[in-house]
Amino acid sequence: MLIPVEELKLLYERAIVRVSDSPPRPVLSAERYQGGFGFLRNGVEYRLVFDAAESPECMTLQTNLDFISGRAGLEGMRRLVAQLNAEKKGVKFVLVEAPAPFIVCSVEAILAGFRRIPNTEVAETIVQSAMRRLEDVTEEIRHDLTRRR
C-alpha cells in the first residue's frame with residue numbers, strides 16, 4: 001500500500017472518473033496530507049476533498065450554488081443559508097462572504113471504519129451516492145427558487 005494521501009488520491013481519482021464528464025483536476029492544498037479533485041458533471045463544477053492525516057475515512061463533496069449568488073443581497077443570503085441548513089438534512093450550506101458572496105453546498109461521507117482507508121468499491125458507491133444527493137438538493141433549491149418568483 002502507498003502512503004495514505006497517495007492511496008486516497010488514486011482511490012478518489014478512479015471514483016470520480018465514473019461520475020464526471022471531465023478528467024479530475026488536482027486541487028492544491030497547503031497541507032501535506034490534504035488533497036482533492038475538481039471536476040465537471042452536467043456543466044456543474046464539483047470538488048471532492050479529503051484529509052489523509054486527520055480523517056482518511058471521510059471525504060467531502062461540494063459545489064457552489066452559483067444560481068443563487070447576489071439574488072437577495074447579503075442579508076437575504078444569510079437567511080437562505082439558515083433556512084436551507086434547517087430544511088435539507090444531510091447537506092451543509094455555508095455562505096462565503098468573499099468579494100462577491102456565494103453559497104457552498106456540501107455532503108460529508110464516511111467511507112470506512114475509524115481511521116481506515118476505504119476500498120475501491122466502497123469509494124465508488126459513496127461518491128456516486130454523494131453526487132446524487134448534491135444533485136437532488138441543488139435541483140430542489142433551483143426548483144423552489146423558480147417557483148417563488
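Our subject is the structure that appears above.
Below is a summary of the structure that appears in this document. Counting restarts for each chain: residues are numbered from 1 in the order of the written sequence. Selection of residues for local features in this predicted model requires a pLDDT of at least 70, selection of side-chain atom pairs for listing and counting requires 80 or more, and totals for whole chains, interfaces and linings are taken over all residues. The basis for the side-chain values is all heavy atoms of the structure; hydrogens and waters are excluded.

Once that is clear, we can look at the pattern of salt bridges. Take a side-chain nitrogen of Lys or Arg and a carboxyl oxygen of Asp or Glu: if they are within 4 Å of each other, that pair is a salt bridge. Tallied over the entire structure, the rule returns nine salt bridges. As a salt-bridge pair, Glu135 and Arg41 come within 2.5 Å of each other at their nearest N and O atoms. Of this pair, Glu135 sits in helix α3 (residues 120–148) while Arg41 sits in strand β2 (residues 34–41), and the two are 94 residues apart along the sequence. Ionic contacts of the salt-bridge type, sharing partners, join the residues Glu75, Arg78 and Glu97 into one network. Comment: elements are numbered from the N terminus, with helices defined as DSSP H or I runs of at least four residues and strands as E runs of at least two.

A word on the nonpolar core. Generally speaking, nonpolar side chains in soluble globular proteins are found buried as a group. Side-chain atoms within 4.5 Å are what join buried Ala, Val, Leu, Ile, Met, Phe, Trp, Tyr and Cys residues into a set we call a nonpolar core. Here's how the labels work: a residue is buried when its accessible area is under 20% of the maximum for its type, exposed when over 50%, partly exposed in between, all with a 1.4 Å probe on protein chains only. In this structure, Tyr12, Leu48, Met59, Leu61, Phe93 and Ile103 are the most contacted members of the largest nonpolar core, which totals 37 residues. Only α1 (4–19), β2, β3 (44–51), β4 (55–64), α2 (73–87), β5 (92–96), β6 (102–110) and α3 provide two or more residues apiece to this core.

With that settled, the discussion passes to α2. Each full turn of the α-helix corresponds to 3.6 residues, which orients residues three or four apart in the same direction. Helix span, expected: 1.5 Å multiplied by one less than the number of residues in the helix. Over its 15 residues, α2 runs 21 Å from end to end, which matches the ideal 21 Å to within 8%, given 1.5 Å per residue. Those residues of α2 lying buried are Gly76, Met77, Leu80, Val81 and Leu84. When α2 is viewed along its axis, its buried side chains cluster within an angular range of 140° and face the same direction. What points out from α2, more than 90 degrees from its buried face, is the exposed set Arg79, Ala82 and Ala86. Here, the arc refers to the directions that run from the helix axis to the C-beta atoms.

The geometry of an aromatic ring pair is captured by the separation of the ring centres together with the interplanar angle, meaning the angle of the planes. The aromatic pairing rule takes the rings of Phe, Tyr and Trp, using the six-membered ring of Trp, and pairs them if the centres are within 6.5 Å, calling planes under 30 degrees apart stacked, those over 60 edge-to-face and the rest tilted. As enumerated under the stated definition, the model contains two aromatic pairs in all. With a centroid separation of 5.2 Å and 35° between ring planes, the pair formed by Tyr12 and Phe50 is classed as tilted. Of this pair, Tyr12 sits in helix α1 while Phe50 sits in strand β3; the two residues are 38 residues apart in sequence, bridging distant segments of the chain. On the basis of relative accessibility, which here comes to 0%, the residue Tyr12 falls in the buried class. The exposure class assigned to Phe50 is buried, which follows from its relative accessible area of 5%. Seen in terms of ring centroids, Phe39 and Tyr46 are 5.7 Å apart; in terms of plane orientation they differ by 20°. Their pairing is stacked. Grouping residues by exposure puts Phe39 and Tyr46 together as buried. We note Arg142 situated over the ring of Phe67; from NZ or CZ to the ring centre the distance is 4.2 Å. Charges are assigned to positions over rings by a cutoff of 6 Å between ring centre and Lys NZ or Arg CZ, combined with an angular limit of 35 degrees from the ring normal.

Here we take up the side chain of Thr63. Position of Thr63 relative to the elements: it lies in strand β4. Any pair of N or O atoms that falls within 3.5 Å is considered a polar contact. Within protein, one atom must be able to donate a hydrogen and the other to accept it, and sequence-neighbouring residues count only if both atoms are side-chain atoms. Within the structure, the side chain of Thr63 is placed 2.7 Å from the backbone oxygen of Glu45, a separation counted as a polar contact. The criterion used for residue contact is that any of the two residues' heavy atoms lie within 4.5 Å. The residues touching Thr63, leaving out its near neighbours within four places in the chain, are Val44, Glu45, Tyr46, Arg47, Ile103, Val104, Cys105, Leu134 and Thr138.

Once that is clear, we can look at the sheet that holds β4. At least two DSSP bridges between two strands are required for those strands to pair. Here six strands make up an open sheet; going across it, the order is β1-β2-β3-β4-β6-β5 and the pairing antiparallel. Each of the sheet's edge strands pairs with one partner strand only, and the pair in question is β1 (25–26) and β5. Sheet topology places β5 next to β6; five bridges connect them, and they run antiparallel. Residue Val96 lies in a different strand from β6, and its bridge partner there is Phe102. For helices, the fitted axis covers only the stretch in contact; all axes are lines through C-alpha atoms, and the angles between them, taken along N-to-C directions, range from 0 to 180 degrees. Most of the contacts of α3 go to β4, to which it runs at about 30°, and overall it touches β2, β3, β4, β5 and β6.

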